[in-house]
Amino acid sequence: MPDKDFNPDLRDIRFVLFEQLPFAKLQALPEYAQLDREQVQMLIDECAKFSGEVIAPLNRPGDREGCHFDHGQVTLPQGYKEAYQAFRENGWIGVTLPEAIGGMGLPRTVGVITAELDIGACCAFALSVGLTHAATALLAEYGTDEMKRVYVPKLASGEWQGTMCLTEPGAGSAVGDIKTIAKPDGDTWLLSGTKCFITAGEHDMTPNHVHLVLARTPGAPKGFKGISLFLVPKRRPTADGQPGEPNDVVCAGIEHKMGIKGSPTCTMSFGEDGKCRAWLIGEVGKGLQYMFHMMNEARVGVGIQGLALAAAATQYATAYANERVQGVDVEKMRDLEAPRVLIKEHPDVRRMLLFCKSIVEGSRALLYYTAFCGDMGRSHPDAKERERSMGTLELLTPICKAWVSDRAFEVAAQALQVMGGYGYIGEYPVEQHLRDVKIASIYEGTNGIQALDLLGRKLPMKGGAVFMGFAGELARFAEGQKAHLALGDLAQAFGEEVARWQATTSKLAGMGMSGDQRYPILSATPFLEMTGNVMVAWMLLGQAIVAHDKLQGRYLDQQAMDPAARARLRADDAEARFYANKLETARFFIHHVLPRNRAIAAEIDSGDRSPLNFVV
Ligand SMILES: Cc1cc2nc3c(=O)[nH]c(=O)nc-3n(C[C@H](O)[C@H](O)[C@H](O)COP(=O)(O)OP(=O)(O)OC[C@H]3O[C@@H](n4cnc5c(N)ncnc54)[C@H](O)[C@@H]3O)c2cc1C
């Protein structure tokens, strides 16, 4: 195993950012005119170093120790507080926050990379940081001048913790059913209610917490339109911005749970003594609108969680497969004297490793591309380009969240399988990755809710024009690459799957329009998987095309003209190997994972309604 616990794939990160994505387009945005490739590279290297040296050592001990609860006080695992202090001092909280409020002012495309590195090092630690970042961005956009003056600097610097309080015992997916109430009282509001499952709702890492709480107002209409958003500090700030008197906000307990054990999941009680003061953010009745504005980012962030943990698990499994000796080559099974081999020589282990690699690299490309669309959508000077990019961002968001998190769980399970019994026991962290990654399919809207979002809200956007424009782009890409000398067969297979996916989409949309809602909804989750498979195949084929050209260049540079010389170069030269592996990765995904879409299409075409008919 590598000496270091954390060994992120910086080569692949660089490949996606600088060789696959049009990085120059980011630099062409007026907002990022100063963006320098070398500096971004240095920042990523620095972040990886910090994550490896400061955050990663928290991961395993924090999982074993967990959080402690005592009379409303939550203590985080040993070392968290000190690491957080160093994290803050190095400015990692505000990578994408504007410089005007103390951030680094970098694009989201870079922000997702630093997030991947933080989360991969220790997911439980990184969660509280991500929430503070999200709360800062929300207040910077929708807060009052006073909130921007008092709270935003404290959050942007990480001095205070931010939280998102939506969930209640009776209102999880159905956020519209919340019961927490805020009543006007002079210039402010008095809030009362209980929120559950609140990440980082209470802990000893910061002296104050800033809760962003969804609540109803008296007489508000039922459902989403009756929900408003409030700022609720744990301690009300004094005139000079210090944590002042307590605000009747109490942590009533923390959950014992499957994973992310170093992250406290809190039950928060607001206003038990009728003294919890709240400040309205924006307008009454628009709370969910503000929250949902941040959701796109948060959901891509959950996809990053899936990617980061899947990548970490894959890294361990690969290192293990390079060390563990077991059995003999399959063709020498009867030879009792045959040399013992590394498990990576067994075809089944190779299959599992390439499955993990293809999902990780495809997910990384999809997530970075989605963040890139977000940057274009927010900052491009041309309104049409902004609109097009925003449409793509919205379409891809549920896939980034749900496809990546579901596959990440599969990857972690396969990585564990590669390691056999040693994967299952606590000696290696892969069993922790498997536990830690499961939550990504549940929070920020369960994956079932993401599937409904894709089918019910994203496909019909602009009368289906966003989807059709995007699907057309994929079909043209496939058509354009069919003549590729080395990869034309993959482009052909990909094009056929794009057509199958388009036909399935039309079928479901047609059923919906003819009044049959139940069947399309029953098919929503398989349809999301099908869509994600197409998107990731697109990404990996795009990578293979780039890698093919680079590999040919490498062969020419090194005068490797015949197959034997090329094989030698791939064995000796890490860059040649990297590019050659990209071709195999795309080939694997298109031949071994993308064909799942044939089964999904058959499932949807069957018209079978048994889940709707059986008695539960
Ligand atoms: C560790 C952890 C941290 C969390 N952090 C936070 C936080 O910081 N802030 C916060 O506000 N919340 C947080 N949550 C809550 C989380 O967002 C909810 O658990 C999630 O939204 C699901 O709600 P639920 O648990 O009530 O499940 P339910 O809504 O009861 O869902 C149960 C099942 O029913 C399905 N389902 C429900 N409704 C529908 C529907 N209409 N159509 C199809 N399927 C449906 C779901 O997909 C799911 O499979 C956290 C939860 C956990 C476990």
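Look a little higher up for the structure.
Keep in mind the model is a prediction, meaning the values are calculated, not measured. (Residues numbered from 1 in each chain as written. Predicted model: local features only at pLDDT ≥ 70, side-chain atom pairs only at ≥ 80, totals over all residues. Heavy atoms only, no water.)

A. Structural detail: the overall build of the chain. From N to C terminus, the chain includes 23 helices and 14 strands. Since a compact globule built from 616 residues should have a radius of gyration of about 25 Å, the 25 Å found for the chain is in line with a globular shape. In terms of principal-axis extent, the alpha carbons of the chain reach across some 80 × 60 × 60 Å. The 616 residues of the chain split such that 55% are buried. Taking as baseline every contact in the chain between residues at least 6 positions apart, the subset at least 24 positions apart corresponds to 74%. If you average the places of the 65 positive and of the 74 negative side-chain charges in the chain, the two averages end up 4 Å apart. (Helix = DSSP H or I, 4+ residues; strand = E, 2+ residues; numbered from the N terminus. Rg over C-alpha atoms; globule rule 2.2 N^0.38 Å. Buried < 20%, exposed > 50% of the residue type's maximum accessible area, 1.4 Å probe, protein only. Contact = heavy atoms within 4.5 Å. Lys, Arg positive; Asp, Glu negative; His and termini not counted. Charge placed at Lys NZ, Arg CZ, Asp CG, Glu CD.)

B. Looking closely at the packing of helix α17 (residues 488–513) against helix α21 (residues 574–593). At a minimum axis separation of 10 Å, α17 and α21 run at an interaxial angle of 35°. Viewed along their axes, α17 and α21 form a crossing whose handedness is left-handed. Contacts between α17 and α21 involve Asp-489, Leu-490 and Ala-493 from the former and Ala-586, Arg-587, Ile-590 and His-591 from the latter. The residue makeup of the contact of α17 with α21, split by class, is 4 nonpolar, 1 polar and 2 charged. (Axes fitted to C-alpha atoms, helices over the stretch in contact; angles between N-to-C directions. Left-handed = near helix turned anticlockwise from the far one by under 90°. Nonpolar A, V, L, I, M, F, W, Y, C, P; charged D, E, K, R; others polar.)

C. Expanded view of α21. With 20 residues, α21 extends 27 Å between its outermost C-alpha atoms, agreeing within 8% with the 28 Å of an ideal straight helix rising 1.5 Å per residue. Turning to α21, its buried residues number three or more, namely Ala-576, Phe-578, Tyr-579, Ala-580, Lys-582, Leu-583, Thr-585, Ala-586, Phe-588, Phe-589, Ile-590 and Val-593. (Expected span 1.5 Å × (residues − 1).)

D. Summary view of the packing of aromatic side chains. Taken as a whole and judged by the stated rule, the model has 18 aromatic pairs. Their ring planes at 75° and their centres at 5.7 Å tell us that Tyr-80 and Phe-125 sit as a pair that is edge-to-face. Taken together, the positions of Tyr-80 in helix α5 (residues 80–89) and Phe-125 in helix α7 (residues 123–142) put the pair 45 residues apart, joining distant regions of the chain. For Phe-125, a relative accessible area of 1% corresponds to the buried category. Joined through ring pairs, the aromatic side chains of Phe-50, Tyr-80, Phe-87, Trp-92 and Phe-125 make up one cluster. It is Arg-407 that lies over the ring of Trp-403; its NZ or CZ is 5.4 Å from the centre. (Phe/Tyr/Trp six-rings, centres within 6.5 Å; stacked < 30°, edge-to-face > 60°. Lys NZ or Arg CZ within 6 Å of the ring centre and 35° of its normal.)

E. Inspection of the pairing of strand β3 (residues 161–165) at higher detail. Counted residue by residue, β3 has 5 buried out of 5 residues, so it is predominantly covered. Every second residue of β3 is oriented toward a common face, with Gln-161, Thr-163 and Cys-165 on one face and Gly-162 and Met-164 on the other, all of them buried. Bridge count between β3 and strand β6 (residues 209–216): 5 bridges; the pairing is parallel. Across the sheet, Gln-161 pairs through a bridge with His-209, a residue of β6. (Pairing = 2+ DSSP bridges.)

F. Quick peek at the nonpolar core. Counting residues in each nonpolar core, the largest one holds 167 residues, and the members touching the most others are Phe-125, Leu-191, Phe-494 and Trp-501. In terms of residue count, the dominant contributor to this core is helix α19 (residues 524–557) (17 residues). Ignoring sequence-local partners within four residues, the contact set of Leu-191 consists of Thr-180, Ile-181, Ala-182, Val-213, Ala-215, Phe-230, Val-232, Phe-270, Gly-271, Cys-276 and Ala-278. Within the second largest apolar cluster, 31 residues are counted, among which are Leu-131, Leu-214, Met-294 and Met-295. (Core = buried A, V, L, I, M, F, W, Y, C linked by side-chain atoms within 4.5 Å.)

G. Up close: the layout of surface pockets. There is about 1,200 Å³ of room inside the second largest pocket. Residue lining of the second largest pocket: 34 residues in total, with Asp-9, Thr-318, Lys-357, Glu-361 and Asn-581 positioned closest to the centre. Per element, the largest residue contribution to the lining of the second largest pocket is 8 residues, and it comes from helix α10 (residues 287–321). Broken down by class, the residue content of the lining of the second largest pocket amounts to 15 nonpolar, 8 polar and 11 charged. (1 Å grid on protein atoms, 1.4 Å probe; cavity = no way out; pocket = protein on both sides within 12 Å on 5 of 7 lines; lining within 4 Å. Points joined across faces, edges and corners; volume = space filled by probe spheres on them.)

H. Region of the structure containing the side chain of Ser-379. Counting through the fold element by element, Ser-379 comes out in helix α11 (residues 347–379). Judged by relative accessible area, Ser-379 falls into the buried class, the value being 12%. Residues contacting Ser-379, with those up to four places away along its chain left out, are Leu-29, Pro-30, Glu-31 and Tyr-32.

I. Spotlight on empty space enclosed by the protein. The full count for this structure, using the stated rule, is 2 cavities of 30 Å³ or more. Its boundaries defined by the atoms lining it, the largest cavity holds a volume of some 80 Å³. Along its surface, the largest cavity is lined by Asp-5, Phe-6, Ala-56, Asn-59, Arg-60, Gly-120, Ala-121, Ala-312, Gln-315, Tyr-316, Pro-429 and His-433. When contributions to the lining of the largest cavity are tallied by element, the ones reaching two or more residues are α4 (59–65), α6 (108–121) and α10.

That's the geometry; what it means functionally is another story.
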